[in-house]
Amino acid sequence: MPEHSAASLVDLLDRVVHRGAVVRGDVVIALAGVELIRLDLRLLLIGIGSSR
């Protein structure tokens, strides 16, 4: 990965953590149309206590 791309990714992650973000997803494992396992995933990203 070029250095410019790495810096852009770091800047993007910094902005997301600074403002906060919620990531949500569902995972379902089924066999013959019957749900066997269901996972509901939620992730909260926030920055705490950093003043600029």
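Conventions used here
Residues numbered from 1 in each chain as written. Predicted model: local features only at pLDDT ≥ 70, side-chain atom pairs only at ≥ 80, totals over all residues. Heavy atoms only, no water. UniProt positions renumbered as here; feature names shortened; annotations may be inferred. Pairing = 2+ DSSP bridges. Helix = DSSP H or I, 4+ residues; strand = E, 2+ residues; numbered from the N terminus. Salt bridge = Lys/Arg side-chain N within 4 Å of Asp/Glu carboxyl O. Buried < 20%, exposed > 50% of the residue type's maximum accessible area, 1.4 Å probe, protein only.

As annotated in an unreviewed UniProt entry, the protein carries the name Gas vesicle protein and comes from Lentzea tibetensis. Its UniProt record gives the protein the following Subcellular location (unreviewed entry) comment, quoted word for word: "Gas vesicle".

> Kindly report on the pairing of strand 1 (residues 21-31), identifying the contributing residues and their values.
Where strand 1 lies against strand 2 (residues 34-45), eleven bridges are found, and the strand directions are antiparallel. Residue pairing across strands places Val-23 opposite Leu-43, the latter belonging to strand 2.

> Before we move on, can you summarise the pattern of salt bridges with the specific residues and values?
The full count for this structure, using the stated rule, is two salt bridges. A salt bridge links Glu-35 to Arg-38, with the nearest nitrogen and oxygen atoms 3.6 Å apart. The salt bridge involving Asp-40 is made with Arg-38; its shortest N-O contact spans 3.6 Å. Owing to a relative accessible area of 40%, Asp-40 belongs among the partly exposed residues under this scheme.

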